Amino acid sequence: MIVQTYGLTKYYGKTCGVEDLDLSIKEGEIFGYLGPNGSGKTTTLRLLLDLIRPTRGRAEIFGLDTRRYSRPIRQRLGYVPGDVAFYEGMTGDELLGLIGHLHQGNAMKREKELAERLDIDLRHKIKTYSKGTKQKLAIIQALMGDPDLLIL
């Protein structure tokens, strides 16, 4: 399994964010995590990314405990949040260059390939981009490190 949770639970005081979630996602599988507002989707993702800690239960990604191996797991992930926010005063090139320094390998080459494929001009300031172009930029930053798991 690429993602596995065991009784994953998060309470915010007396309010339940997610309770007793047992989830299995196989490698190569495309998994849609859907539900109404307040159903625990964001809480689950934050738990998987170790941005918040569970009340009880545990999760694994790549067979590694998400709390103990948070950093090596995140190095293998690509993530596009629902609400994208960037440094608006930078150009797309500048932003991706900054992010590219965090990746090893051919991130910069991949950036150019993805920009061409998504038809985005990275020379312009991000504040001039439409919402759709900003989402394309987010996809490029998520894919440019050639992640083993992509979370959208």
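Residues numbered from 1 in each chain as written. Predicted model: local features only at pLDDT ≥ 70, side-chain atom pairs only at ≥ 80, totals over all residues. Heavy atoms only, no water.

1. What about the side chain of T66?
One can find T66 in the loop between β4 (64-65) and α2 (70-74). For T66, a relative accessible area of 3% corresponds to the buried category. In contact with T66, other than residues within four places in its own chain, are L47, L48, D50, A59, E60, I61 and I73. (Helix = DSSP H or I, 4+ residues; strand = E, 2+ residues; numbered from the N terminus. Buried < 20%, exposed > 50% of the residue type's maximum accessible area, 1.4 Å probe, protein only. Contact = heavy atoms within 4.5 Å.)

2. Regarding the environment of I25
Structurally, I25 is set in strand β2 (residues 15-25). For I25, a relative accessible area of 10% corresponds to the buried category. A sequence separation of 24 residues divides I25 from M1, and the C-alpha atoms of the two residues are 5.7 Å apart.

3. Remarks on the pairing of strand β3 (residues 56-61)
The sheet contact formed by strand β1 (residues 3-12) and β3 spans 5 bridges and is antiparallel. Across the sheet, residue T5 finds its bridge partner in β3, namely A59. As paired strands, β3 and β4 are joined by 2 bridges and run antiparallel to one another. Note on β4: the bridge partner recorded for E60 is D65. From the end of β3 to the start of β4, which pair antiparallel, there are 2 residues, and F62 there has a positive phi angle of about 60 degrees. (Pairing = 2+ DSSP bridges.)

4. Notes on the packing of helix α3 (residues 92-100) against helix α5 (residues 131-143)
Packed helices, taken two at a time, are described by their axes: the angle between them and the distance between them. In the contact formed by α3 and α5, the axes pass within 10 Å of each other and the chain directions differ by 25 degrees. Judged on the interaxial angle alone, α5 and α3 are roughly parallel. In this structure, α3 crosses over α5, and the sense of that crossing is right-handed. Packed against α3, whose contacting residues are G92, L95, L96 and I99, the element α5 presents L137, I140 and Q141 at the interface. When its residues are assigned to classes, the contact of α3 with α5 shows 5 nonpolar, 2 polar and no charged. (Axes fitted to C-alpha atoms, helices over the stretch in contact; angles between N-to-C directions. Parallel < 35°, antiparallel > 145°, perpendicular 65-115°, else oblique. Left-handed = near helix turned anticlockwise from the far one by under 90°. Nonpolar A, V, L, I, M, F, W, Y, C, P; charged D, E, K, R; others polar.)

5. Regarding the sheet that holds β4
Here we have 4 strands laid out as an open sheet, ordered β2-β1-β3-β4, and antiparallel in their pairing. If you trace the sheet from one side to the other, it starts and ends with β2 and β4, each paired once. Taken strand by strand, helix α1 (residues 41-48) contacts β1, β2 and β3, and its axis lies near 115 degrees from that of β1.

6. Here we look at the pairing of β1
Most of β1 sits out of view: 7 of its 10 residues are buried. Across 7 bridges, β1 lies against β2 in antiparallel orientation. Within β2, the residue paired with Q4 across the bridge is S24. Once β1 ends, the chain turns through 2 residues before running back antiparallel as β2, passing G13 with a positive phi of about 70 degrees.

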